[in-house]
Amino acid sequence: MFRAADRLKVVLQHLDRPNSRIKACATSAQVSAYTHPVEFRYTTDNDVLTPEQRLFYEENGFLLIKNLIPDEAIDRFRTEFEKICRREVKVPGLLVMRDVAISKSEFLPDQSAVSKLQDFQEDQELFRYCTLPQILKYVECFTGPNIMAMHTMLINKPPDAGKKTSRHPMHQDLHYFPFRPADHIVCAWTAMERVDRSNGCLVVLPGTHKGTLKQHDYPDWEGGVNKMYHGIRDYDPDQQRVHLVMEKGDTVFFHPLLIHGSGMNRTQGFRKAISCHYASSDCYYIDVKGTSQEIIEQEVKEIAQRKYNAGSDITLQDTWAVRGRLVKGQRTMM
C-alpha cells in the first residue's frame, strides 16, 4: 500500500508546487483507507482511474493526465483554427471573440485578432477533440456512460497589451450552465503547447468544488475585462492555489464548481488550449430566474437576439439545448 501512495506522488508532480503544500492530496492513510468501503461522490468506478486518482479528484476537484492527446491531433486543431481566423472556413453558430484591449482595432484576418473560439460544435475538424476516445474514457469516470458535449472552446490567449486584460478572473463554470446536477458535469482542458505562469496557465483553488455556486459579476479591473468574463468577488484571495504547468497534450479534468482562473500572458506568443464541457445526458435543465445566474442569462439573450434574431422569450436553457451533442451512449433527458 505504500507503493500506492508513491504513485500518488507522481500525480502531484504534475503541479508546480511542492507536494507538501497541497493540503488536499490523499495521504498514505487515506490511500490505505481505500481497502475499506468508501463512498465516492464525484467519480464512478469503471477501472479507468486508479484509487489514488479517484481520491485526488474527490478531495481536490481536478485531475491532470499527462501526454493524453498526441501532437498530430493538436496540430490539426491548430491548422483548423488558423483557417477560421483567415475566414477560409465558416462555422454556423461559432462565436469569435477578441480581447477587449484590441476589440476596437481594425479586424486583422489572422489569429492576432482572435482570443477565443466558442461553440465550435458545428466544425467537424475541431469537434473531433470532443469525440477522442482517450478523452471520453476519462470523462465517463465523472459523467457516467451517457455523455453530451455541451460547451466547446479554443482559447488563444494573446500577449497582454499592457492592461492586464489577458487575465481571466477566478470563477466557477457552473455559473454559465443551466443544467444539473453539477457532479455529473466535467471539463476537459488540453494544452496545445507548453503552458506555465509566464503565458497564463490555469490556477485552481483545490477543494472548492465541495462548496456552492457563488455570486459572479464583472470585476472592477483597470483596463476592463472581456465580455462574459465574470468573476467571484467573495472568495479568500489568500486561499491555497495551484498553478497548473502543462506540456503540449496534457489534459486536466475539473469539476464545474471548482474555482479557477488564469493569469496574464507575459510572453510575445499566443497561449492556445482546447476544451469541452461534458454532461451526463441524464442531467436536466433548470430555470435560472431569481438566481445568481440571471446575469448571464441576460447577456446570452442579448447575444442571441443580436446575432440570430432570436425572440425576446428565449431562455438560457434554450441556447444550451441547441449546442449539446451526444458523443457516447444514449441521449436520455437532455
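Residues numbered from 1 in each chain as written. Predicted model: local features only at pLDDT ≥ 70, side-chain atom pairs only at ≥ 80, totals over all residues. Heavy atoms only, no water.

(A) Inspection of the overall build of the protein chain at higher detail. Scanning the protein chain from N- to C-terminus turns up eight helices and 16 strands. Taken over 334 residues, the protein chain has a buried fraction of 54%. Of all intrachain contacts in the protein chain linking residues separated by at least 6 positions in sequence, the fraction that spans at least 24 positions is 82%. Split by element, the accessible area of the protein chain, about 15000 Å² in all, is 49% carbon and sulfur. (Helix = DSSP H or I, 4+ residues; strand = E, 2+ residues; numbered from the N terminus. Buried < 20%, exposed > 50% of the residue type's maximum accessible area, 1.4 Å probe, protein only. Contact = heavy atoms within 4.5 Å. Areas by Shrake-Rupley, 256 points an atom, 1.4 Å probe, with all protein chains shown as cover.)

(B) Fine view of the side chain of asparagine 156. Tracing the backbone shows asparagine 156 in strand 4 (residues 147–157). Reaching out from asparagine 156, the side chain makes a polar contact with the backbone oxygen of valine 114 at a distance of 2.8 Å. (Polar contact = N/O pair within 3.5 Å; in protein donor to acceptor, adjacent residues only side chain to side chain.)

(C) Focus on the packing of aromatic side chains. All chains considered together, the criterion is met by nine aromatic pairs. Judged by centre distance (6.1 Å) and plane angle (90°), the ring pair of phenylalanine 179 and tyrosine 285 falls under edge-to-face. Within this pair, whereas phenylalanine 179 is found in strand 6 (residues 179–180), its partner tyrosine 285 is found in strand 15 (residues 284–285), the two being separated by 106 residues in sequence. Owing to a relative accessible area of 0%, phenylalanine 179 belongs among the buried residues under this scheme. Here the guanidinium or amino end of arginine 54 rests over the ring plane of phenylalanine 40, the centre of that ring lying 3.9 Å away. In this structure, arginine 325 packs its charged tip against the face of phenylalanine 127, placed 4.0 Å from the ring centre. (Phe/Tyr/Trp six-rings, centres within 6.5 Å; stacked < 30°, edge-to-face > 60°. Lys NZ or Arg CZ within 6 Å of the ring centre and 35° of its normal.)

(D) Summary view of the nonpolar core. Judged by nonpolar contacts, the single largest core of 59 residues is most densely connected at Tyr129, Ile135, Trp189, Val252, Phe253 and Tyr278. The contact partners of isoleucine 135, leaving out residues within four places of it in the chain, are Leu68, Ile69, Tyr129, Ala188, Thr190, Thr251, Phe253 and Tyr278. Residues Leu257, Cys283, Trp320 and Met334 belong to the second largest nonpolar core, which totals 17 residues. (Core = buried A, V, L, I, M, F, W, Y, C linked by side-chain atoms within 4.5 Å.)

(E) Molecular detail of the pattern of salt bridges. Scanning the model with the defined rule gives 14 salt bridges in all. Salt bridges linked by common partners bring Arg76, Glu125 and Arg128 together as one network. (Salt bridge = Lys/Arg side-chain N within 4 Å of Asp/Glu carboxyl O.)

(F) Molecular detail of the sheet that holds strand 13 (residues 260–262). In spatial order, the strands read 5-13-8-11; together these four strands make up an open sheet with antiparallel pairing. The open sheet terminates on both sides in strands that have one partner only, identified here as strand 5 (168–171) and strand 11 (242–243). When strand 5 meets strand 13, the two strands line up antiparallel, connected through two bridges. Directly across from histidine 168, in strand 13, lies its bridge partner serine 262. (Pairing = 2+ DSSP bridges.)

(G) Examining the side chain of histidine 255 more closely. Here histidine 255 shows up in the loop between strand 12 (251–254) and strand 13. Not counting residues up to four positions away in its chain, the partners in contact with histidine 255 are Tyr42, Tyr57, Gly61, Ala182, Asp183, Ile185 and His209.

(H) Up close: helix 7 (residues 294–308). With 15 residues, helix 7 should cover 21 Å at 1.5 Å per step; its first-to-last C-alpha distance of 20 Å lies within 8% of that length. Among all positions in helix 7, only Ile296, Glu297, Glu299, Val300, Lys301, Ile303 and Ala304 are buried. (Expected span 1.5 Å × (residues − 1).)

(I) Structural view of helix 6 (residues 133–143). Taken across its eleven residues, helix 6 has eight buried, putting it largely inside the fold. Directly after helix 6, the chain includes glycine 144, whose backbone phi takes a positive value near 90°.

(J) Seen up close, unusual backbone geometry. The omega torsion of the bond from arginine 180 to proline 181 falls at 5°, within 30 degrees of zero and hence cis. Locating proline 181 in the fold gives a position in the loop between strand 6 and strand 7 (185–191). Backbone geometry at aspartate 47 places phi at a positive 70°, although glycine is not the residue there. Position of aspartate 47 among the secondary structure elements: in the loop between helix 2 (28–33) and helix 3 (51–60). Owing to a relative accessible area of 71%, aspartate 47 belongs among the exposed residues under this scheme.

(K) Quick look at the environment of phenylalanine 179. When the C-alpha positions of phenylalanine 179 and methionine 334 are compared, they lie 8.8 Å apart, and in sequence the two are 155 residues distant. Look past the residues within four positions of phenylalanine 179 in its chain and what remains in contact with it is Met150, Leu174, Ile185, Ala279, Tyr284, Tyr285, Trp320 and Met334.

(L) Examining the packing of helix 4 (residues 71–85) against helix 5 (residues 124–131) more closely. At a closest axis distance of 9 Å, the pairing of helix 4 and helix 5 adopts a crossing angle of 145°. For helix 4 against helix 5, the interelement crossing comes out left-handed. Between helix 4 and helix 5, the contacting residues are Arg76, Phe77, Glu80 and Ile84 on the first element and Glu125, Leu126, Arg128 and Tyr129 on the second. Looking at the contact of helix 4 with helix 5, its residues break down into four nonpolar, no polar and four charged. (Axes fitted to C-alpha atoms, helices over the stretch in contact; angles between N-to-C directions. Left-handed = near helix turned anticlockwise from the far one by under 90°. Nonpolar A, V, L, I, M, F, W, Y, C, P; charged D, E, K, R; others polar.)

Nothing here speaks to function; it is all geometry.
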